[in-house]
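One-letter residues, chain by chain:
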Amino acid sequence: MTFQLTQIDFQTILPSMIMFGMGMVVLLLETLRRSGSTTPLAVVSLLSLAAAGYASAVQLGWGGQGFSGSVIADDFSLAFNLVFVTATALVILISIPYLEKSGLKYGEYYALLLFATGGMMVMGSSLDLLMIFVGLEILSISSYILCGMLRADVRSNESAMKYFLLGAFATGFLLYGMVMIYGATGTIHLRKIGAALAQPEMYSNPYIWFGMGLLIVGFGFKLALAPFHMWTPDVYEGAPTAVTAFLSVGPKAAGFAALIRVMIEGLGRMHNEWDMVFWVLAALTMTLGNVVAIQQNNIKRMLAYSSIAHAGYILAALVVATEEGLGAILFYSLVYVFMNIGVFAILILAATPKNERLTFDDYKGFGYVSPLLGLAMFVFMLSMMGIPLTGGFVGKFQIFKAVVDQGYIWLAIVGVLNSVVSVYYYLRIVVVMYMQPQDSKSINEKPAFSLPLAVAITASLAGVVFLGILPAGWMEFSSHSVSVLVASF
Amino acid sequence: MIQTGVSPEIRRGDWCGLTRLGNDYLKPSKPFFKESAMDANHIIAEQYLPVLLLILVAVGLGGMFTMLGILIGPVEHTEVKKTPFESGMPSEGTGFRRYSVRFYMIAMIFLIFDVEVIFLYPWAVKFRELGWFGFAELSVFLVILLLGLGYAWKKGALEWE
């Protein structure tokens, strides 16, 4: 028996290999760092992200498979790689001042972010249940540690512990689902599962049903869909703010990438069976996220529920499972990266070492103290609501259009009604910023200028506005990217 | 397909031969059933029969001896017998003490190198077959582990005081 690995095998995982390799380099550099700031490590991380992004961009249109077909570098995975790289780069930019403000002098932070990004890339590019699992574990374990980075803070510890316990629990569900699907079809390769489901007698096999259900529950936990979302607010609130920004965009996009692969390439033939499950989950998720977000006084918690609601919108696009809908998922993932990280960047900029400035009251009169930041926040909130001329509008429009086109009228109605509900709490911060007088507790002086944050906010703002005004390029690219998926129906 | 000692359909076939053809039973006769996917599953399930028997015997024997001890043995409770350990030091304090984090670090490093050895053994067994490819793969693996050791060392995980 001989094993042969060719160059192609390694080319298919090149972006994630760059991430893992550079993550280890950052770890080594951390041991060599005598004192001073961790900013050089952040620069190294940004450069390696650029390299991984470049490697992904060069491979566009290739579609090579490696490691006996368990990894594929098609446009779908590469496009998601670009989303992951953008998200992590923005998170690193907002982390530099955050780590300084909170006195976290751990270079491992950046290494873990790189490892997590590598894990997300593995998830997006795997054609194999086992590879999805490996990628998910790399991502999850890095995230657990990142949540507990504020070691002296009880809330951060609570966050890490809750995330770890519930994440491990969810992983169990996912693994059981994978095992059952393997038991029913005899393969873990997604496209072979798709082929095996062509036999009608497969549908009388209970294991395929159990497997599908458990997979949905497992992914539901990871993506914080409605009945499985309980961990989200506590984890997001306790985690360091920059990590919360990362958790709400990166792992979600990766989870959706993997979910699309499994549901379209693997279980696509059962679309008529699973679409109603996701219909209910999507409606429940967006309703719960939006309704509970109204009551929050802590902005981080509000954003946690808002991220649940956005996961619901994105899930609505998966229900239709058309090229249009799946393209909308990719489109919305990038928009969500920009608008969410933009808001977190402003929160980090406004924070002081003594007071994290996370309640609505802290922002009374903020729009007059710092007009530019107020304006930026306003634009991000408009995008979150889905007001025209922002990326959020285009993304939501695409999703609901795809949903209506396939005849899921009621899902679209639920979604639009939810968008209306969300206006209340997104506008609330704008009202607080511009229409309430300052008091002694609110931010009274302009936050100090910080170059990385300025870059992050400008880039996010540019992204949100650009995708709102000239969405055609990324829109076409995303629907092209999902067209390479081998749907099995 | 996986072969077992006697597959059920051959047994059935021979039995039919005996009854129907009298002396001519050595001649292979037509089996009752064509082998189907169901039979393959049965054969695989049959292979697990010894495991099941072993579990039954283990549980049965253990249960039987415990029951015999309870039923036949004399029962006498003394103060000494009620302590968790009959010999050695009397236990002190609660079991919920906080341990130094160093124990966990040592355990973690031990775990890493334990796993490393697990990978090294099969490689050593198949060393010639795997050739340079195996050597390169294991080298990458070992270099990554060495980096981990270097990191742990530099971070002071190996220092007890």
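The shown structure was predicted, so the numbers you read here are calculated from the model rather than taken from an experiment.

The rules we used
- Residues numbered from 1 in each chain as written.
- Chains lettered and ligands numbered in written order.
- Predicted model: local features only at pLDDT ≥ 70, side-chain atom pairs only at ≥ 80, totals over all residues.
- Helix = DSSP H or I, 4+ residues; strand = E, 2+ residues; numbered from the N terminus.
- Buried ≥ 20, exposed ≤ 12 C-beta atoms within 10 Å, placed from the backbone.
- Contact = placed C-beta atoms within 7 Å.
- Rg over C-alpha atoms; globule rule 2.2 N^0.38 Å.
- Expected span 1.5 Å × (residues − 1).
- pLDDT = per-residue confidence, 0-100.
- Axes fitted to C-alpha atoms, helices over the stretch in contact; angles between N-to-C directions.
- Parallel < 35°, antiparallel > 145°, perpendicular 65-115°, else oblique.
- Left-handed = near helix turned anticlockwise from the far one by under 90°.
- Nonpolar A, V, L, I, M, F, W, Y, C, P; charged D, E, K, R; others polar.
- Core = buried A, V, L, I, M, F, W, Y, C linked by C-beta atoms within 7 Å.

Student: What am I meant to see in the overall build of chain B here?
Tutor: If you tally the helices and strands in chain B, you get six helices and zero strands. In chain B, the succession of helices and strands from N to C terminus is α-α-α-α-α-α. Buried positions account for 0% of the 161 residues belonging to chain B. Look at the contacts in chain B between residues 6 or more apart in sequence, and 43% of them connect residues 24 or more apart.

Student: Can you walk me through the overall build of chain A in this structure?
Tutor: A count of helices and strands for chain A gives 20 helices and two strands. For chain A, whose C-alpha radius of gyration is 22 Å, the value lies close to the compact-globule estimate of 23 Å for 489 residues. Out of the 489 residues belonging to chain A, those deemed buried represent 59%.

Student: Quick question: what am I supposed to make of helix α5 (residues 108–125) of chain A here?
Tutor: In an α-helix, one full turn covers 3.6 residues, which means residues spaced three or four apart are oriented alike. Taking 1.5 Å of rise per residue, 18 residues should cover 26 Å, and α5 of chain A covers 26 Å from first to last C-alpha, within 8% of that figure. By the criterion of burial, α5 of chain A is predominantly enclosed, with 18 of the 18 residues buried.

Student: Explain unusual backbone geometry here, please?
Tutor: Trans is the prevailing form of peptide bonds, just as negative phi is the prevailing case for residues other than glycine. All names here are of chain A. Phi is positive for alanine 224, which is not a glycine, with a value near 55 degrees. The residue alanine 224 is located in the loop between α9 (206–223) and α10 (231–238) in this model. You can call alanine 224 buried: it has 27 C-beta atoms within 10 Å. Its identity as a non-glycine residue notwithstanding, leucine 389 has a phi of 75 degrees, on the positive side. Relative to the elements of secondary structure, leucine 389 occurs in the loop between α16 (371–385) and α17 (391–405).

Student: So what exactly am I meant to see when it comes to the confidence of the model for chain B here?
Tutor: Close reading of the predicted structure is inappropriate where its pLDDT is low. All names here are of chain B. Taken residue by residue, chain B gives an average pLDDT of 74. The fraction at 70 or more is 67%. Taking the mean pLDDT of every element in chain B, the minimum, 44, falls on helix α1 (residues 8–21) and the maximum, 93, on helix α3 (residues 49–72). Taken over the whole predicted complex, pTM reads 0.85, whereas the ipTM for its chain interfaces reads 0.76.

Student: So what exactly am I meant to see when it comes to the environment of phenylalanine 173 of chain A here?
Tutor: All names here are of chain A. Within the secondary structure, phenylalanine 173 is located in helix α7 (residues 154–185). Accessibility expressed as a C-beta count within 10 Å gives 20 for phenylalanine 173, which makes it buried. C-alpha of phenylalanine 173 to C-alpha of glycine 213: the two residues are 40 residues apart in sequence and 9.2 Å apart in space. Once residues within four sequence positions are removed from consideration, phenylalanine 173 is found in contact with Leu214, Val217, Gly218 and Phe221.

Student: Would you mind going over the environment of glutamine 406 of chain A with me for this structure?
Tutor: All names here are of chain A. Relative to the elements of secondary structure, glutamine 406 occurs in the loop between α17 and α18 (409–435). The spatial distance from the C-alpha of glutamine 406 to the C-alpha of methionine 384 is 25 Å, given a sequence separation of 22 residues. Those residues in contact with glutamine 406, other than ones at most four positions away along the chain, are Val320 and Thr322.

Student: What is the right way to look at the packing of helix α12 (residues 271–294) of chain A against α18 of chain A in this model?
Tutor: Two measures define how a pair of helices packs: the angle their axes make with one another and the distance between the axes. Residue and element names in this part refer to chain A. Between α12 and α18, whose axes approach to 9 Å, the crossing angle comes to 15 degrees. Comparing their axes, α18 and α12 come out roughly parallel. Crossing handedness for the pair α12 and α18: left-handed. Contacts between α12 and α18 involve Trp279, Ala282, Ala283, Met286, Thr287, Asn290, Val291, Ala293 and Ile294 on the former and, on the latter, Leu411, Val414, Gly415, Asn418, Val421, Ser422, Tyr424 and Tyr425. Its residues assigned to classes, the contact of α12 with α18 comprises 12 nonpolar, five polar and no charged.

Student: Mind showing me how you'd approach the packing of α5 of chain A against helix α6 (residues 129–147) of chain A here?
Tutor: Residue and element names in this part refer to chain A. Taken N-terminus to C-terminus, the directions of α5 and α6 make an angle of 155 degrees; their axes are 7 Å apart at the nearest point. When the axis of α5 is compared with that of α6, the two are roughly antiparallel. As for the relative orientation of α5 and α6, their crossing is left-handed in sense. Along its contact with α5, which presents Leu112, Phe115, Ala116, Gly118, Gly119, Met120, Val122 and Met123, the element α6 presents Met131, Ile132, Val134, Gly135, Leu136, Ile138, Leu139, Ser142, Ser143, Ile145 and Leu146.

Student: Explain α9 of chain A to me, please; I cannot follow it from the model alone.
Tutor: All names here are of chain A. Helix length check: α9, at 18 residues, gives a terminal C-alpha distance of 26 Å against a target of 26 Å (1.5 Å per residue), a fit within 8%. Where α9 is buried, its residues touch α7, α11 (241–266), α12 and α13 (299–320). Backbone geometry just after α9 places alanine 224 at a positive phi near 55 degrees.

Student: Would you mind going over the nonpolar core with me for this structure?
Tutor: The nonpolar side chains of a soluble globular protein tend to be buried with one another. All names here are of chain A. By size, the foremost hydrophobic cluster in this structure holds 184 residues, and its most contacted members are Ile94, Ala317, Val319 and Ile341. It is helix α14 (residues 323–350) that contributes the most residues to this core, 21 residues altogether. With sequence-adjacent residues up to four places away left out, valine 319 is seen in contact with Asp275, Phe278, Trp279, Ala282, Val403, Tyr408 and Leu411.

Student: What is the right way to read the environment of glycine 172 of chain A from this model?
Tutor: Mapped onto the secondary structure, glycine 172 of chain A falls in helix α7. Expressed as a C-alpha distance, the spacing of glycine 172 of chain A and asparagine 355 of chain A, which sit 183 residues apart in the sequence, is 39 Å.

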